Amino acid sequence: MSQMLKDIAVFFDVSDGGEQMLEKAARLAEAQNARLIGITSTEANHAESSPSDGFARGAAIHEVIERLQAASAVHLLNAAQALKEVADRHGVSPEFRVIPYVESGVGMALHSLYCDVLVVSHPKAPGAPFAWSAIDVLQQTGVPLLLVPDDWNGQQIGRRIVVAWNASRQARRAAADALPLLIAAEAVDLLIVDAARKAEWHGEEPGSDMAHYLARHDVVVNLVRIDSASKPVAEVIRDHALAMGADLIVFGAYSRPRISEVVLGGVSRTLLADVPLPLFVSH
């Protein structure tokens, strides 16, 4: 198994938020010696349109088309230049991909398939097409997502990591997908909340088998077991991550049936809705 990520993709545009996201992804690509795949949509066509364009007739139609095409060309040229500059600055190899703003879910998924992780600002996603949905991409492709909160001001992602472990298939998948990051991290907490609730899955020493697995892959891991004391599990995970000074939480999304997540709230939905630091999510 490779111990480094090789292809890191990121949705971005030339807005301040989009370029900040590109910079964060570039730093991660530099740390992993990975190729940086910058993906942007032709959103300029949408942004430069006006309500009056819908009433254009005759020669005015051609003028609208030319104006929108010119705006799109400038947008893409600036985006490509921004990607090249950040790649040069961090010494990584870039690749530029363009997705139509109205890209279908299938088309969007195809662009997401060929990378080790897709980095996206959360909940907004500069550069993503109109139909972008984190959950849809997770379900359609299985490609892990690295969701970075819009207001997160950290610089480097993955120095101190919390792995939320509940002995589920999804949690196992997330740990395996994030292994290159875990190996490179300064500290990793393998966190189990309320181990007694799934004692049959955890075994006599909850988390010890997974901790040994990670340690055999050269992960500096610390096993932590916490009783929620009736607090929401997502809140316990978040509070521990903040107390640890973590810059990344790794977890498997929707380890319970989706209907249970919708009805009961669920750890996945809570973490995806409100978390103050980056999330590495697999499904």
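Throughout what follows, the structure given in this document is the object of discussion. (Residues numbered from 1 in each chain as written. Predicted model: local features only at pLDDT ≥ 70, side-chain atom pairs only at ≥ 80, totals over all residues. Heavy atoms only, no water.)

**Points about the pattern of salt bridges**
In step 1: Under the defined criterion, the tally for this structure stands at eleven salt bridges.
In step 2: In this structure, the salt-bridge partner of Asp-7 is Arg-35, at a minimum N-O distance of 2.6 Å. Taken together, the residues Asp-7 in strand β1 (residues 7-11) and Arg-35 in strand β2 (residues 35-41) connect sequence positions 28 residues apart.
In step 3: Note on Arg-35: relative accessible area 29%, which makes it partly exposed.
In step 4: In the salt-bridge network here, residues are joined through shared partners; they are Asp-7, Arg-35, Glu-95 and Arg-97. (Salt bridge = Lys/Arg side-chain N within 4 Å of Asp/Glu carboxyl O. Helix = DSSP H or I, 4+ residues; strand = E, 2+ residues; numbered from the N terminus. Buried < 20%, exposed > 50% of the residue type's maximum accessible area, 1.4 Å probe, protein only.)

**Looking at the pairing of strand β9 (residues 248-252)**
Side-chain positions along a regular strand alternate between the two faces of the sheet.
In step 1: Counting buried positions along β9 gives five out of five residues, so the element sits mostly inside the fold.
In step 2: Here β9 shows two buried faces, one formed by Leu-248, Val-250 and Gly-252 and the other by Ile-249 and Phe-251.
In step 3: By the bridge criterion, three bridges tie strand β6 (residues 160-164) to β9 in an arrangement that is parallel. Across the sheet, Val-163 pairs through a bridge with Val-250, a residue of β9.
In step 4: In the sheet, β9 pairs with strand β10 (residues 279-282) via four bridges, with the strands oriented parallel. (Pairing = 2+ DSSP bridges.)

**Considerations on the sheet that holds strand β8 (residues 221-226)**
In step 1: Strand order in the open sheet made by the ten strands is β3-β2-β1-β4-β5-β10-β9-β6-β7-β8, with mixed pairing throughout. Strands with a single pairing partner mark the edges of an open sheet, and in this sheet they are β3 (94-99) and β8. Mean inter-strand twist for the sheet, computed between neighbouring axes without regard to direction, equals 25°.
In step 2: Where strand β7 (residues 187-193) meets β8, six bridges bridge the pair, whose relative direction is parallel. Within β8, the position partnered with Val-188 by the bridge is Val-221.
In step 3: Seen against the sheet, helix α1 (residues 16-32) touches β1, β2, β4 (117-122) and β5 (145-149) and runs at an angle of roughly 175° to β1. (Axes fitted to C-alpha atoms, helices over the stretch in contact; angles between N-to-C directions. Contact = heavy atoms within 4.5 Å.)

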